[in-house]
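The primary structure of each chain is shown beneath.
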Amino acid sequence: TMENAQSQLENAQTSLDNTQDTYDNYTITAPISGTVIEKNFKAGDNVDSSAVTSAGGNLAVLYDMSTLTFEMKVNELDINNIQVGQEVEITADALEGQTFSGVVDKVSINGTTANGATSYPVTIIIEDYGDLRPGMNVSAQIIGEVVPNALCIPVDAVERGNTVTVPGPGALSEDGLSVVDVTKLETKEVTLGRNDDEYIEVTDGLEEGDVVLISNQASSLMDMMMGG
């Protein structure tokens, strides 16, 4: 009698465990905490493999809004200058006039080659996303190196041999806005430092307030630019 009772107890426990497993299968838990932005099924729907496939494989779509991230591709010529932790300035076409800050989170070594050039994916975390929303198109500029109080001139002002064209006495009009005597233009050698796509640092040869000239390719005249 004791053995039969023990056997019945074990069978009952097994049945309870099976029932609990079956009940657990009815509870679907999301892998992350977040906000449901898309729900493909409602209570009472029959969920089978074909229905899930028709829904794109998702019962629901959740966004983790605690942080926003995006991935940008960096050219092979610049990737060695990118490091985790660098600051990123972000703008969005949909939010004109607003700038957001981010930081480089990951730099992948798995590059993609197209048309003879290789680019590498870099993941950016947006620290303060404000009005940004998932799916918005953004532009980003990674801040590589900051040189404070640098004396800079436009890259186009630098000519061969690290020289710039400056106006000598009588070269400019009285208002200083146009060249009136090209024979009085002078060439000056400068020492250059760091640069980006638009400006280049001058470490020697110019002083703040000096005037340098840029050749106007359209008219072959000279456009005057002030040293920054």
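Remember, predicted model here, so these are calculated numbers, not experimental data.

1. A closer look at the overall build of the protein
Link 1 in the chain: Tallying secondary structure elements over the protein gives two helices and 15 strands in all.
Link 2 in the chain: Dimensions of the protein along its principal axes, counting C-alpha atoms only, are 120 × 35 × 35 Å.
Link 3 in the chain: Evaluated residue by residue, the protein yields a buried proportion of 23% over its 228 residues.
Link 4 in the chain: Once local pairs closer than 6 in sequence are excluded, the contacts in the protein between residues at least 24 apart make up 55%.

2. A word on the nonpolar core
Link 1 in the chain: Core analysis: the biggest nonpolar cluster contains 19 residues, and Val122, Ile124, Ile126, Leu132 and Ile142 have the highest contact counts within it.
Link 2 in the chain: At the level of secondary structure, the elements contributing two or more residues to this core comprise β3 (68-75), β4 (87-92), β5 (99-107) and β7 (117-126).
Link 3 in the chain: With residues up to four places along the chain from it excluded, the contact list for Ile126 reads Leu68, Phe70, Ile90, Phe100, Ser101, Gly102 and Leu132.
Link 4 in the chain: Ala157, Val190, Val202 and Leu206 belong to the second largest nonpolar core, which has 11 residues in total.

3. Some remarks on the pattern of salt bridges
Link 1 in the chain: Tallying each qualifying case throughout the model produces three salt bridges.
Link 2 in the chain: Between Asp181 and Lys184 there is a salt bridge; the shortest N-O distance is 4.0 Å.
Link 3 in the chain: One salt bridge connects Arg194 with Glu201, and the closest N-O pair in it is separated by 3.7 Å.
Link 4 in the chain: For Arg194, a relative accessible area of 45% translates into the label partly exposed.
Link 5 in the chain: Since its relative accessible area comes to 12%, Glu201 is described here as buried.

4. Observations concerning the confidence of the model for the protein
Link 1 in the chain: On average, residues of the protein carry a pLDDT of 85, and 93% of them reach 70 or more.
Link 2 in the chain: Predicted confidence for residues 217-228 stays below pLDDT 50, and this span has 32 contacts to residues more than four positions away or in other chains.

5. Some remarks on the layout of surface pockets
Link 1 in the chain: Computed from the structure, the largest pocket encloses a volume of approximately 960 Å³.
Link 2 in the chain: Those elements that provide at least two residues to the lining of the largest pocket are β3, β8 (138-142), β12 (191-195) and β13 (199-204).
Link 3 in the chain: Here the lining of the largest pocket is composed, by residue class, of 12 nonpolar, five polar and seven charged.
Link 4 in the chain: Empty space within the second largest pocket amounts to approximately 350 Å³.
Link 5 in the chain: Ile28, Thr29, Ala30, Leu59 and Ala60 are the residues nearest the centre of the second largest pocket, which is lined by 13 residues in total.
Link 6 in the chain: Split by residue class, the lining of the second largest pocket holds nine nonpolar, two polar and two charged.

6. Observations regarding a negative patch on the surface
Link 1 in the chain: The grouping of Asp78, Asp196, Asp197 and Glu198 at the surface amounts to a negative patch.
Link 2 in the chain: Structurally, Glu198 can be placed in the loop between β12 and β13.

7. Considerations on unusual backbone geometry
Link 1 in the chain: One non-glycine residue, Asn149, lies in positive phi territory at about 55°.
Link 2 in the chain: Note on placement: Asn149 falls in the loop between β8 and β9 (152-154).
Link 3 in the chain: On the basis of relative accessible area, Asn149 is assigned to the exposed category, the value being 82%.
Link 4 in the chain: Non-glycine residue Asn162 carries a positive phi angle of around 55°.
Link 5 in the chain: With respect to the helices and strands, the residue Asn162 is situated in the loop between β9 and β10 (163-167).
Link 6 in the chain: Residue Asn162 is classed as partly exposed on the basis of its relative accessible area, which comes to 38%.

8. Points about the environment of Gly170
Link 1 in the chain: Within the element layout of this structure, Gly170 appears in the loop between β10 and β11 (185-189).
Link 2 in the chain: Judged by relative accessible area, which is 44%, Gly170 ranks as partly exposed.
Link 3 in the chain: Beyond its immediate chain neighbours, meaning those up to four positions away, Gly170 contacts Val180, Asp181 and Lys184.

Reading guide: rules and limits
- Position numbers for residues start from 1 in each chain and track the written sequence from start to end.
- Given that this is a predicted model, residues contribute local features only at a pLDDT of at least 70 and side-chain atom pairs are listed and counted only at 80 or more, while totals for whole chains, interfaces and linings are drawn from all residues.
- Only hydrogens and water are removed before side-chain values are computed, so all heavy atoms of the structure are retained for them.
- Secondary structure elements are taken from DSSP: a helix is a run of H or I of four residues or more, a strand is a run of E of two residues or more, and numbering for both begins at the N terminus.
- Buried residues are those whose accessible area, probed at 1.4 Å on protein chains only, stays under 20% of the maximum for their type, while exposed residues exceed 50% and partly exposed ones sit between those limits.
- What makes two residues a contact is simply this: any of their non-hydrogen atoms within 4.5 Å.
- Here, the term nonpolar core denotes a set of buried Ala, Val, Leu, Ile, Met, Phe, Trp, Tyr and Cys residues that are joined through side-chain atoms within 4.5 Å.
- Salt-bridge detection follows one rule: a side-chain nitrogen of Lys or Arg within 4 Å of a carboxyl oxygen of Asp or Glu.
- Scored between 0 and 100, pLDDT is the confidence that the predictor attaches to each residue.
- Lining residues are defined by having an atom within 4 Å of a point belonging to a cavity or pocket. Those points lie on a 1 Å grid over the protein atoms alone, cavities being sets where a 1.4 Å probe fits but cannot get out and pockets being open sets with protein on both sides within 12 Å along at least five of seven lines.
- Grid points are joined across faces, edges and corners, and a volume is the space filled by probe spheres set on the points.
- Amino acid classes used here: Ala, Val, Leu, Ile, Met, Phe, Trp, Tyr, Cys and Pro are nonpolar; Asp, Glu, Lys and Arg are charged; the rest, including Gly, are polar.
- Each patch is built from residues lacking any salt bridge and having more than 30% relative accessible area; the joining distance is 9 Å for like charges and 5 Å for nonpolar side chains (Val, Leu, Ile, Met, Phe, Trp, Tyr).
- Using a 1.4 Å probe, the Shrake-Rupley method yields the accessible areas, and only the shown protein chains count as cover for residues.
- Residues scored as positive are Lys and Arg, those scored as negative are Asp and Glu, and His as well as the terminal groups of each chain are ignored.
- By convention, the point assigned to a charge is CZ for Arg, NZ for Lys, CD for Glu and CG for Asp.

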